[in-house]
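Take a look at the letters that make up each chain.
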Amino acid sequence: TQLLEQSPQFLSIQEGENLTVYCNSSSVFSSLQWYRQEPGEGPVLLVTVVTGGEVKKLKRLTFQFGDARKDSSLHITAAQPGDTGLYLCAGVKGTASKLTFGTGTRLQVTL
Amino acid sequence: DAGITQSPRHKVTETGTPVTLRCHQTENHRYMYWYRQDPGHGLRLIHYSYGVKDTDKGEVSDGYSVSRSKTEDFLLTLESATSSQTSVYFCAISDPQGPSGYTFGSGTRLTVV
């Protein structure tokens, strides 16, 4: 059972376009994190959102945590080839800071 | 000067043989994790550790065991490798008292033939 569903699974866009990736769950999380993973490497943390309704910006990336803390979105403005990668959302529940990862969104940005 | 390293980076082994993957950290973080990553499944937790000699199972622990005799090392063992254990394995560390988020190693690509 996948607790976190991401959509779309794949996205191929041209440089300069905007895009939104969604991360949805029926469960409530105490916090949610977004990671980016490049081929041959481990995921790298982009942001953590904690409060329902919270919005965080990281340059051209905007992250939002849903009011009910069950979903999140990642919006990229004016995508660049350097944004190419696998984007993963991950929710924190319970003890030991265990993360449950979403299925991932693979983004390809071409010139 | 990576704070977390995995070894080996690549391994091919035969069905039925034992395999041990090593994760080494220099951050003195309390928590360590082993995940596997497979297409269509994302990252799934195998085992985790919340201190020396303190470990617990994740969602896909069958066929795997772990040991943590020192803070810096977390070993993952496949007692008798099967083809279904062909995957990319990632180790991660976290510090509950510090900034949130995991730091991941670069992964071990394991192929069981």
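Definitions and limits used
- Residues numbered from 1 in each chain as written.
- Chains lettered and ligands numbered in written order.
- Predicted model: local features only at pLDDT ≥ 70, side-chain atom pairs only at ≥ 80, totals over all residues.
- Heavy atoms only, no water.
- Helix = DSSP H or I, 4+ residues; strand = E, 2+ residues; numbered from the N terminus.
- Rg over C-alpha atoms; globule rule 2.2 N^0.38 Å.
- Buried < 20%, exposed > 50% of the residue type's maximum accessible area, 1.4 Å probe, protein only.
- Contact = heavy atoms within 4.5 Å.
- Core = buried A, V, L, I, M, F, W, Y, C linked by side-chain atoms within 4.5 Å.
- Pairing = 2+ DSSP bridges.
- Axes fitted to C-alpha atoms, helices over the stretch in contact; angles between N-to-C directions.
- Disulfide = S-S within 2.5 Å.

A word on the overall build of chain A
In terms of helices and strands, chain A carries 0 helices and 11 strands. Of the regular secondary structure in chain A, the N- to C-terminal order runs β-β-β-β-β-β-β-β-β-β-β. Over its C-alpha atoms chain A spans a radius of gyration of 13 Å, differing by no more than 12% from the 13 Å that the globule rule assigns to 111 residues. Oriented by its inertia axes, the alpha-carbon framework of chain A measures out at about 45 × 30 × 20 Å. The buried share of chain A, reckoned over its 111 residues, is 43%.

A few points about the overall build of chain B
Scanning chain B for helices and strands turns up 0 helices and 11 strands. Referenced to the eigenvectors of the C-alpha coordinate spread, the extents of chain B come out at roughly 40 × 25 × 25 Å. Here chain B holds 113 residues, and the buried ones make up 48% of them. Pairs at least 24 residues apart make up 54% of the contacts formed inside chain B by residues separated by at least 6 positions.

Some thoughts on the nonpolar core
The nonpolar side chains of a soluble globular protein tend to be buried with one another. With 21 residues, the main nonpolar core has Leu 19, Leu 32, Trp 34, Phe 63, Leu 74, Ile 76 and Leu 107 of chain A as its most contacted residues. Looking at this core, the elements that each hand over two or more residues are β3 (19-24), β4 (31-37), β5 (44-49), β7 (61-65), β8 (71-76), β9 (85-92) and β11 (105-110) of chain A. Contacts of Leu 19 of chain A, omitting those with residues within four sequence positions, involve Leu 11, Ile 13, Leu 74, His 75, Ile 76, Ala 79 and Leu 107 of chain A. With 19 residues, the next largest nonpolar core counts Leu 21, Val 60, Phe 74 and Leu 76 of chain B among its residues.

Overview of the sheet that holds strand β1 (residues 4-7) of chain B
One key point about sheets: their strands pair by backbone hydrogen bonds, in either a parallel or an antiparallel sense. Residue and element names in this part refer to chain B. Strand order across the open sheet formed by 4 strands is β1-β3-β8-β7, with antiparallel pairing between neighbours. Since the sheet does not close on itself, it has two edges, and those belong to β1 and β7 (64-70), each with one partner. This sheet shows a mean twist of 20 degrees between the axes of neighbouring strands, independent of strand direction. Sheet analysis places strand β3 (residues 19-25) next to strand β8 (residues 73-78), joined by 6 bridges and oriented antiparallel. Counted as the bridge partner of His 24 is Asp 73 from β8.

Quick notes on the state of the cysteines
As enumerated under the stated definition, the model contains 2 disulfides over all chains in all. Two residues, Cys 23 of chain A and Cys 89 of chain A, share a disulfide whose sulfurs are 2.1 Å apart. Its S-S torsion of about 75 degrees marks the bond between Cys 23 of chain A and Cys 89 of chain A as right-handed, since a negative value means left-handed. One end of the pair, Cys 23 of chain A, is in strand β3; the other, Cys 89 of chain A, is in strand β9, with 66 residues separating them in the sequence. For the residue pair Cys 23 of chain A and Cys 89 of chain A, the accessibility class agrees, reading buried in each case. Here Cys 23 of chain B is linked by a disulfide to Cys 91 of chain B, with a sulfur-sulfur distance of 1.9 Å. Residues Cys 23 of chain B and Cys 91 of chain B are joined through a disulfide that is left-handed, its torsion about the S-S bond being -75 degrees. Taken together, the positions of Cys 23 of chain B in strand β3 and Cys 91 of chain B in strand β9 (residues 87-94) put the pair 68 residues apart, joining distant regions of the chain.

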